[in-house]
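Chain by chain, the residues:
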Amino acid sequence: MKRKWWMESFGYQIYIKSFYDTNGDGIGDLEGVYEKLDYLHELGVNLIWLVPFYKSPMDDNGYDVSDFYEVASEYGTLETFKKVLDKANKLNIKVIIDLILNHTSDEHYWFQESRKSLDNPYREYYIWQPPRIIEGKEYEPTNWSSFFGGSCWKKDEITGYYFMKIFSDKMPDLNWESEKVQQEMIKMAKWWLDMGISGFRIDAASHLSRAPFEDSNMTNDRYVPDFSKYSNLPMVHEYLKLLDDQVFSKYDIMTVGEVGGGASVESGLRYASKDYGQLDMVFNFDHNWCTKKVNGEEVTDVVRLKYVFRKWIYGFKGKGWNPLYWLNHDHPRVMSMYGDMDYFEKSAKMLANTLYFIKGTPFIYQGEEIGMTNYPFTKLEEFRDVSTINHIKFSLENNPGLTEEEAVKWHVGNSRDHARIPMQWNSSRNAGFTEGTPWINVHPNYKEINVENQMKDPNSIWNHYKNIINLKLNSKYREVLIYGDFEIVDYNNPHNFSYIRRLKDKAILVVNSFSNQNRRFMQSKIKGYEFDEIIFSNYEDSHISPKSIPLRPYEAVVLSLKLTK
Ligand code: GLC
Ligand code: CA
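Everything numeric in this text was worked out from a predicted model, so none of it was measured.

How each quantity is defined
- Chains are numbered independently. Their residues run from 1 in the order of the written sequence.
- Each chain is given a letter, starting from A, and each ligand a number, starting from 1, according to the order in which they appear as written.
- For a predicted model such as this one, the threshold for reporting local features is a pLDDT of at least 70, and the threshold for listing and counting side-chain atom pairs is 80 or more; totals across whole chains, interfaces and linings nevertheless cover every residue.
- Values reported for side chains reflect all heavy atoms of the structure, with hydrogen atoms and water molecules removed beforehand.
- Numbering of helices and strands runs from the N terminus; a helix is a DSSP stretch of H or I covering at least four residues, while a strand is a stretch of E covering at least two.
- Note that the radius of gyration is over C-alpha atoms, with the globule rule given as 2.2 Å times the number of residues to the power 0.38.
- Partly exposed describes any residue whose relative accessible area lies between the buried limit of under 20% and the exposed limit of over 50%, with all areas from a 1.4 Å probe on protein chains only and scaled to the type maximum.
- Residue contacts are counted whenever heavy atoms from the two residues lie within 4.5 Å of one another.
- A 1.4 Å probe and the Shrake-Rupley method give the accessible areas. Residues count as covered only by the protein chains that appear here.
- Just so you know, the count uses Lys and Arg for positive and Asp and Glu for negative, and it drops His and the chain ends.
- Here the site of a charge means atom NZ of a Lys, CZ of an Arg, CG of an Asp or CD of a Glu.
- Here the axes come from fitting lines to C-alpha atoms, over the contacting stretch only for helices, and the angles between their N-to-C directions go from 0 to 180 degrees.
- Roughly parallel refers to an angle under 35 degrees, roughly antiparallel to one over 145, roughly perpendicular to one between 65 and 115, and oblique to any angle outside these ranges.
- Crossing handedness follows the turn of the near helix against the far one: under a right angle anticlockwise gives a left-handed crossing, and clockwise gives a right-handed one.
- Under the scheme applied, nonpolar residues are Ala, Val, Leu, Ile, Met, Phe, Trp, Tyr, Cys and Pro; charged residues are Asp, Glu, Lys and Arg; polar residues are all the others, including Gly.
- A single heavy atom is enough: if one lies within 4 Å of a molecule or strand, its residue is considered near that molecule or strand.
- We call two N or O atoms a polar contact when they sit within 3.5 Å, provided that within protein one can donate a hydrogen and the other can accept it, with sequence-adjacent residues counted only if both atoms are side-chain atoms.
- Marked domain ranges trace back to an automatic or database domain assignment.
- Think of a salt bridge as a Lys or Arg side-chain nitrogen and an Asp or Glu carboxyl oxygen that are within 4 Å of each other.
- A pair of strands is treated as paired once DSSP finds two or more bridges between them.
- For patches, a residue must show more than 30% relative accessible area and have no salt bridge; joins then use 9 Å for like charges and 5 Å for nonpolar side chains, namely Val, Leu, Ile, Met, Phe, Trp and Tyr.

K.L.:
Would you mind going over the overall build of the protein with me for this structure?
P.N.:
Scanning the protein from terminus to terminus reveals 15 helices and 24 strands. Relative to a compact globule of 565 residues, whose C-alpha radius of gyration would be 24 Å, the protein shows 24 Å and is just as compact. In terms of its C-alpha atoms, the protein occupies a principal-axis envelope of roughly 80 × 55 × 50 Å. Counting only residues that meet the buried cut, the protein has 62% of its 565 residues in that class. Long-range pairs, those at least 24 residues apart, make up 69% of the contacts in the protein with a sequence separation of at least 6. Here the protein has roughly 22,600 Å² of accessible surface; of this, 46% comes from carbon and sulfur atoms. Seen as two clouds, the 68 positive and the 79 negative side-chain charges of the protein have centres 7 Å apart.

As structure tokens, this is what we get:
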């Protein structure tokens, strides 16, 4: 494959609202991003993804945009953003932003117009349907559910029609069949690119087209969670192709689309194969929930994880490129998912080693580099995420007798708020995130887990992340770690995730133990190679016994290999 700058990038995702607050209103802001760019530079990343900072009523923290050409006042101004961009460029950090194509806020001018009458010029911008009348009773146009719970339709009283909204009630879906919508989005994307950003993370990229409006019989629910009705349909590719032809292909940028759950490798390639895709990469969610129950306890399903990465990385080999990430702002913390709190530091480092030496472009999610964990939510009032709140409320409404505490228990594991609690900068009040009252609670563990402590400690998780980035981008192993082939070894072993990276006569073995017991990695598992020397590890004294590597709990070792044939 032709080499591109973004294959050599190490990314970092910033959830602005929770990153750093500079004016004491309890809300992270763009000035905060600006101030922390030196921090990111020191960590070593050379790409940042900023989540939406467009003007927004913040029903979904900015994914509900009311003006694509303005900055949300709580985040700053366009000038602040330009300052961020400018300084990032000086530090050699590229900036990508979210491009939100699927919907706007209901407070966007287009929607305000669109709802006014059946013949408003903006009517076609959104997806409107008349109510369905069955035996004199009124129903939504279809029985499809939204991602955030309840129907994917909402009635608007002005015309009595329903508009489609696959996310929250305040996020009407755009009608991509409309050429006007297409032209608006083309214009908007160009406007941001001309300002000097380096690309887009394309939000909800797979949802731009809908199946014919017919009920789903996938389940008997009142609202059926049949996401195939609005995911990965053929026309999505036509719309993205239009954007690629008219916008993306005219700039030296990267695009990474969110294709979410349920996308197959084949459909991933339809988006992002180098020959006929419209995007450079796609984020899938397959590795986000690889756990299984053993003796009533939820444990990491290591083979399942290997299966998922094998599927995607092998499936894209020679055809496309993959992004690598453990979590984003929609997922629980990876430490709470696959880490072990009894071996906090070792398991956090091991997880980083597992992921970031795989072939692909890494994206660290803020706080991951210090091992931040899920928040111990117990009450409805502690949540801020519209999706979690909706789901808890729907459960309470539909299950008489269910207590709030129980409803919280049902949904807390999936809550997007775990990722959205404030970044833990230091051990001062509010973890150094804000001098005011934070918009969402700070994790009680911030005195132990914070950036300041870890930057000082050469053996910290933070320094381990820094070393990983350095090894990948700046060492003599750079070429093989970026462009080398990826092959999983010892596949069926449930205790380790190990693989070889190989470029011509250079080969690297990455061994990661997911076990809290002592284990061993046998040289016999890597036919055609012999161990050479240890390059990097999460223990100070990792070593090679002649034909095996002894592995202590969560030991993670990177070593060079000699070719024997
Ligand atoms: C994507 C975003 C998520 C948002 C949704 C609607 O899934 O990652 O945070 O709620 O799209 O824009
Ligand atoms: Ca602020």
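K.L.:
Explain the packing of helix α10 (residues 344–356) against helix α14 (residues 461–474) to me, please; I cannot follow it from the model alone.
P.N.:
Helices that pack against each other are described as a pair by the angle of their axes relative to one another and the distance between those axes. One way to put it is that α10 packs onto α14 with a least axis distance of 10 Å and a crossing angle of 20 degrees. By the angle between their directions, the pair α10 and α14 is classed as roughly parallel. The chirality of how α10 crosses α14 is right-handed. Residues Phe344, Glu345, Ala348, Lys349, Ala352, Asn353 and Tyr356 of α10 lie in contact with α14, whose contacting residues are Ile461, His464, Tyr465, Ile468 and Lys472. Considering only residue class, the contact of α10 with α14 consists of seven nonpolar, two polar and three charged.

K.L.:
Help me understand the site of ligand 1, please; the structure alone is not making it clear to me.
P.N.:
Surveying the vicinity of ligand 1 reveals 13 residues, the closest of which are Asp60, Asp203, Glu258, His329 and Asp330. With respect to ligand 1, the side chain of Glu258 contributes an N or O atom lying 2.8 Å from an oxygen atom. His329 is positioned with one of its side-chain polar atoms (N or O) 2.9 Å from an oxygen atom of ligand 1. Look at ligand 1: alone it shows 300 Å² of surface, and the protein chains cover 96% of it. A breakdown of the residues in the shell around ligand 1 according to their chemical character gives four nonpolar, two polar and seven charged.

K.L.:
Where do I start with the packing of helix α7 (residues 265–272) against helix α8 (residues 302–316) in this structure?
P.N.:
Two elements in contact, α7 and α8, have axes whose closest approach is 10 Å; the angle formed by their N-to-C orientations is 40 degrees. Relative to α8, the element α7 lies oblique. For the element pair α7 and α8, the recorded crossing hand is right-handed. Across the interface between the two elements, Val265, Gly268, Leu269 and Ala272 from α7 touch Lys311, Trp312, Gly315 and Phe316 from α8.

K.L.:
When you look at the domain arrangement of the protein in this model, what are you seeing that I'm missing?
P.N.:
Much of the literature gives interface size as the accessible area that the parts lose upon coming together. Splitting the protein by domain gives domain 1 (5–107 + 174–467), domain 2 (109–164) and domain 3 (486–563). Relative placement of domain 2 and domain 3: their C-alpha centres are 57 Å apart.

K.L.:
I would appreciate a short explanation of the pattern of salt bridges in the present structure.
P.N.:
Pairing is possible between side chains of opposite charge, provided their charged atoms come close. This model, assessed by the stated rule, comprises 34 salt bridges. Across the pair Arg552 and Glu555 runs a salt bridge whose closest N-O atoms are separated by 3.0 Å. Given the relative accessible area of 0%, Glu555 is considered buried. Put simply, Asp60, Asp330, Asp385, Arg416 and Arg420 are held in one network by salt bridges that share partners.

K.L.:
Where do I start with the side chain of Asn430 in this structure?
P.N.:
Within the secondary structure, Asn430 is located in the loop between α12 (404–412) and α13 (451–456). Since its relative accessible area comes to 13%, Asn430 is described here as buried. If we ignore the near neighbours within four places in the chain, the residues touching Asn430 are Gly436, Pro438, Val442 and Tyr446.

K.L.:
I would appreciate a short explanation of the sheet that holds strand β16 (residues 323–325) in the present structure.
P.N.:
Hydrogen bonds between backbone atoms are what pair the strands of a sheet, whose relative direction is either parallel or antiparallel. Reading across the sheet, the eight strands line up as β13-β12-β11-β5-β2-β1-β17-β16 and stay open at both edges, with parallel pairing between neighbours. If you trace the sheet from one side to the other, it starts and ends with β13 (281–284) and β16, each paired once. Mean inter-strand twist for the sheet, computed between neighbouring axes without regard to direction, equals 25 degrees. Relative to strand β17 (residues 361–365), strand β1 (residues 11–14) runs parallel, the two being bridged by three bridges. Looking at the pairing, Gln13 lines up with Tyr365 of β17.

K.L.:
Which parts of the structure should I look at to understand the pairing of β17?
P.N.:
A regular strand places its side chains on the two faces of the sheet in alternate fashion. Counting buried positions along β17 yields five of five residues, so the element is predominantly enclosed. In β17, alternate side chains face the same way, and those of Thr361, Phe363 and Tyr365 on one face and Pro362 and Ile364 on the other are all buried. Across three bridges, the pairing between β16 and β17 is parallel. Residue pairing across strands places Tyr325 opposite Phe363, the latter belonging to β17.

K.L.:
Please explain a negative patch on the surface as it appears in this structure.
P.N.:
A surface patch of negative charge is lined by Glu381, Glu404, Glu405 and Glu406. A residue is classified by how much of its surface remains accessible, and Glu406, at 39% relative accessible area, is partly exposed.

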